[in-house]
Amino acid sequence: MGANTSQVSELSESQSIRNLIGPDAISENEPFWNQLISFTFTSPTCSADAKLLEEAVVPLAKTLIQNNPRSGNFGALVRVFLSRTKELKISTECQDQLFIWQAHNALFLVRCLLKVFIREMSEEELHLQFSYQERAPGTYDSICEDLLEELVCNLVHLIVEVPLLDITYNILFESVTTLLVLLSYQLFHKEILREGLIYGYLTKGRCLSLTSRLVKTLLYNFIRQEKCPPATHVLQTQTDGGGLLYGLASGVASGLWSVFTLGGVGTRPGAEQEQNPLPLSNQSLLLLLVLANLTDGPDCPNPYRQAVTSFKNTQDTSSIPSPQPHTFQINFNSLYTALCEQQKSDQVTLLLYTLLHQNSNMRTYILSRTDMENLVLPILEILYHVEERNSHHVYMALIILLILTEDDTFNRSIHEVVLKNISWYTERVLTEISLGSLLILVVIRTIQFNMTRTRDKYLHTNCLAALANMSAQFRNLHQYAAQRIISLFALLSKKHNKVLEQATQSLHGPLGADDRTVLPDYAQDLNVIEEVIRMMLEIINSCLSNSLHHNPNLLYALLYKRELFEQFRSHPSFQDIMQNLDTVIGFFSQRLEQAGSDLSVERVQEVIKKGAVALPKDRLKIFPELKFKYVEEEQPEDFFIPYVWSLVFNSGVGLHWISQGIELFSMDSP
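In this text, all values refer to a predicted model and were calculated from it rather than measured experimentally.

**Digging into the packing of helix H18 (residues 373-384) against helix H21 (residues 435-452)**
- Look at H18 against H21: their axes get within 9 Å of each other, and the N-to-C directions meet at 20 degrees. One element, H18, and the other, H21, form an angle in the roughly parallel class. Helix-helix and strand crossings are classified by hand; for H18 and H21 the assignment is left-handed. Along its contact with H18, which presents Glu373, Val376, Leu377, Leu380, Leu383 and Tyr384, the element H21 presents Leu435, Leu438, Leu439, Val442, Arg445 and Thr446.
- The residue inventory of the contact of H18 with H21, partitioned by class, reads nine nonpolar, one polar and two charged.

If you want it as structure tokens, here you go:
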């Protein structure tokens, strides 16, 4: 690797690389290092290229692992990088691109080697690799620096101190990526790691004072959604067929510009950006989620979680100091906009969940917005395409809805927002529908999908809890939404009868047949279905008891299919809740009979609307209000840490991990 563009295939043949990984020590003052880090290498941003790079680096890194105890060249490379970063802020102010480029290249080499080191050795052994250094015979090195801690702190400093500009974009991306790599020990352990050297550096050491600034910077990187600057932004390329060449001496040697424009000459401009146009935003969000989900230490809570859960709006002028450490202010409007625009990815949905669940300031702000449809519609679209999403993403989207429906103002306001032509909803043309009715349709569709495919009780529970929270506030339900509520009940009723029949048959099986193993399955199925039926009856009852006159379409659908409910009237599990439905069905059936036979749809609706006003409220039995609150399970880290790392594994820009050795999750995880 020298001043010319380098390709993956050239790595093993590069004399500079062979010297770096060889047995001979190279002093950090040698001109060799300038030559080594003056290369233009196209850092990969898609998985195929990242895989090629990984395969090329692994044998080189393994050679260095063997030779480094003698040469100390890895430590020398780290020190070369650290020496370059001391002047980085000044270099940025002076637009010194050459200096920034070389610092980036040094860090890129460190990161590539570290990634293999971490897979091959324990943290203690890694620490040793940082400590080896060349010593003259007979001399004693009294400097007792911790080079690994120095690197970690330096990266954090770099991320929070160096402004995000075109010329700094790539070194900031590389700094965030290197921190992710340093934390990736978790991937190779099945159990959740609760301590360690790198964990300690970030949560207790010198980095601790920068916690709030790091979290704020990572959030702003996500908010800004900056695209990677194109190579042509500052450079002229020399097209002689040999790749991109830069004149180092002229001071325009900004090889880092080609970092995200794969392939050199002849590459279609922006081809790679189509695949991953926002590498810094993506990587910053992944690092933020990893940091926020680190476990609490035995003697100290996770400072990054404290920062994520306590930050305030820049508009908040209250002078009351926050009792939480590591708090800061950020522009909530900008954050809200980014959350609305980027909901298609797992990691953004997970960030929204984290903020809604854990940051009361952000939750209050979101619930106060008058444009909630911008946030809710992308969530509903995730659920609508449940077949294409992984189960974790669906859970997060559902729990977000559940948390939102805990708020009565939200439940009222969603029925006031009228939407037109929802293009992604393909079952039926919805020219005009309220956000509330659409939410009901999508949640019911999710329940029906779950009944026929995954049969996940947890999914059912959350869907029904969200509907239950909304039920007392149902207003002017769309005709189709009302039909779907009753259709779901019909489906449950049919399923109940079928399972009941199967259970009965198994009891009266042929003599001597061993059906005892079958019976518990039917009993369990029956129990689950009856729980769901009970919940659906409570939801319908809650709507009738609280907002009967606001929902003529639901009354119409209920009366049209009233025979569905007859079998549950005498059922011991449903007798109490059926009283109100019986009262309503009986009252309206009588009024319809009095109105005559062969009534038109319009006439039936007119009778229903008048009857809804006339029905005395005291004839309906009052039940406790249906309210469900989301509570995180005990030891949530058992779910969230593998989930976050599966997102890093699958979505980390330019990172490819060989699946062999990954212990934290099974390779078919999301």
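Still more to cover.
**Focus on helix H15 (residues 332-341)**
- Among the residues of H15, those classed as buried are Phe332, Leu335, Tyr336, Ala338, Leu339 and Cys340.
- Elements in contact with the buried residues of H15: helix H11 (211-224), strand E3 (312-313), strand E4 (329-330), helix H16 (346-358), helix H17 (360-368) and H18.

**Comments concerning the packing of aromatic side chains**
- The final tally for this structure, using the stated rule, is 22 aromatic pairs.
- With centroids separated by 5.0 Å and ring planes inclined at 40 degrees, the aromatic side chains of Tyr384 and Tyr425 adopt a geometry described as tilted. Within this pair, whereas Tyr384 is found in helix H18, its partner Tyr425 is found in the loop between strand E5 (418-420) and strand E6 (432-434), the two being separated by 41 residues in sequence.
- Given the relative accessible area of 3%, Tyr384 is considered buried.
- Ring centres 6.5 Å apart and planes at 20 degrees place the aromatic pair Phe649 and Trp657 in the stacked group.
- Taken together, the ring pairs in this structure connect Phe311, Phe328, Phe332, Tyr336 and Tyr365 into an aromatic cluster.
- The residue whose ring lies beneath Arg445 is Tyr384, and the NZ or CZ to ring-centre distance is 4.1 Å.

**Let's talk about the nonpolar core**
- With 222 residues, the main nonpolar core has Leu126, Leu339, Tyr425, Leu438, Ile485, Phe565 and Trp645 as its most contacted residues.
- The greatest single-element share of this core, amounting to 13 residues, is contributed by helix H6 (residues 97-120).
- Setting aside residues no more than four positions away along its own chain, Ile485 makes contact with Ile440, Ile444, Phe474, Leu477, Met536, Ile540 and Leu554.

Reading the values: rules and limits
Residues numbered from 1 in each chain as written. Predicted model: local features only at pLDDT ≥ 70, side-chain atom pairs only at ≥ 80, totals over all residues. Heavy atoms only, no water. Axes fitted to C-alpha atoms, helices over the stretch in contact; angles between N-to-C directions. Helix = DSSP H or I, 4+ residues; strand = E, 2+ residues; numbered from the N terminus. Parallel < 35°, antiparallel > 145°, perpendicular 65-115°, else oblique. Left-handed = near helix turned anticlockwise from the far one by under 90°. Contact = heavy atoms within 4.5 Å. Nonpolar A, V, L, I, M, F, W, Y, C, P; charged D, E, K, R; others polar. Buried < 20%, exposed > 50% of the residue type's maximum accessible area, 1.4 Å probe, protein only. Phe/Tyr/Trp six-rings, centres within 6.5 Å; stacked < 30°, edge-to-face > 60°. Lys NZ or Arg CZ within 6 Å of the ring centre and 35° of its normal. Core = buried A, V, L, I, M, F, W, Y, C linked by side-chain atoms within 4.5 Å.

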